[in-house]
Amino acid sequence: MRFTCFDGAYTESLTIEQARRSDILVALRMQDKPLGHDHGGPVRLYVAPMYFYKSAKWLSGITVTEQVKPGYWEDRGYDVDAWVGKSNGRDDAPTN
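**Side note on the overall build of the chain**
Right, so step 1: The helix and strand tally for the chain stands at one helix and seven strands.
Right, so step 2: When the helices and strands of the chain are read in sequence order from the N terminus, they spell out β-β-α-β-β-β-β-β.
Right, so step 3: Over its C-alpha trace the chain gives a radius of gyration of 13 Å, about what one expects of a compact globule, namely 12 Å for 96 residues.
Right, so step 4: Overall, the C-alpha framework of the chain stretches about 40 × 25 × 20 Å when taken along its three principal axes.

As structure tokens, this is what we get:
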């Protein structure tokens, strides 16, 4: 799945299996209020078990794709799979 943002530059991708996890959210609200601009609203992707660069603010679109494509940070050398504790040079136990 490909996530695009209103700025036109930031993109992020997850596999279908990753996107369907219960700890992956497409958030519209925070503390029972509409998600504000400062917190990435009106719509934000929150990817709890991965490093924060996988969470995208100000979502403008979600597209189902054939394969995971590198996003903004992956184009700059970060891992496409960004599991906390298991990516970007770390080898300790990942967060599950």
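After presenting the structure, the write-up continues.
**Comments concerning the nonpolar core**
Right, so step 1: Among the nonpolar cores identified, the biggest contains 15 residues, and Phe-3, Leu-14, Leu-45, Val-47, Ala-56 and Leu-59 are the most heavily contacted of them.
Right, so step 2: Looking at this core, the elements with two or more residues in it are β1 (2–5) and β6 (44–47).
Right, so step 3: Discounting chain neighbours no more than four positions away, the residues touching Val-47 are Leu-14, Asp-23, Ile-24, Lys-54 and Ser-55.

**Thoughts on a nonpolar patch on the surface**
Right, so step 1: The grouping of Leu-25, Tyr-46 and Phe-52 at the surface amounts to a nonpolar patch, some 300 Å² of accessible area in total.
Right, so step 2: Note on placement: Tyr-46 falls in strand β6.

**A closer look at the pattern of salt bridges**
Right, so step 1: Counted according to the given criterion, the structure contains four salt bridges.
Right, so step 2: Between Lys-54 and Glu-12 there is a salt bridge, with its nearest N and O atoms 2.7 Å apart. Here Lys-54 is found in the loop between β6 and β7 (59–63), whereas its partner Glu-12 is found in strand β2 (residues 11–13), with 42 residues between them in sequence. Residues Lys-54 and Glu-12 agree in their burial class; the two are buried.
Right, so step 3: When the shortest N-O distance is used, the salt bridge between Arg-29 and Asp-32 registers 3.8 Å.
Right, so step 4: Taking the relative accessible area as the measure of exposure, Arg-29 reaches 48% and is therefore partly exposed.

**What to know about the side chain of Ser-13**
Right, so step 1: With respect to the helices and strands, the residue Ser-13 is situated in strand β2.
Right, so step 2: In contact with Ser-13, not counting residues within four places along its chain, are Met-1, Arg-2, Phe-3, Lys-54, Val-68 and Lys-69.

**Section: the sheet that holds β7**
Right, so step 1: Spatially, the three strands line up as an open sheet ordered β2-β1-β7, and their pairing is antiparallel. Taken across any chain shown, the strands that pair with only one partner, and hence form the sheet edges, are β2 and β7. Pairs of neighbouring strands in the sheet enclose a mean axial angle of 20 degrees, with direction left out of account.
Right, so step 2: The pairing of β1 with β7 spans four bridges and is antiparallel. Each residue of the ladder has a partner; that of Phe-3, found in β7, is Ile-62.

Reading the values: the criteria
- Residues numbered from 1 in each chain as written.
- Predicted model: local features only at pLDDT ≥ 70, side-chain atom pairs only at ≥ 80, totals over all residues.
- Heavy atoms only, no water.
- Helix = DSSP H or I, 4+ residues; strand = E, 2+ residues; numbered from the N terminus.
- Rg over C-alpha atoms; globule rule 2.2 N^0.38 Å.
- Core = buried A, V, L, I, M, F, W, Y, C linked by side-chain atoms within 4.5 Å.
- Buried < 20%, exposed > 50% of the residue type's maximum accessible area, 1.4 Å probe, protein only.
- Contact = heavy atoms within 4.5 Å.
- Patch = residues over 30% accessible without salt bridge, like charges linked within 9 Å, V, L, I, M, F, W, Y side chains within 5 Å.
- Areas by Shrake-Rupley, 256 points an atom, 1.4 Å probe, with all protein chains shown as cover.
- Salt bridge = Lys/Arg side-chain N within 4 Å of Asp/Glu carboxyl O.
- Pairing = 2+ DSSP bridges.
- Axes fitted to C-alpha atoms, helices over the stretch in contact; angles between N-to-C directions.

Coordinates in, geometry out; function isn't part of it.
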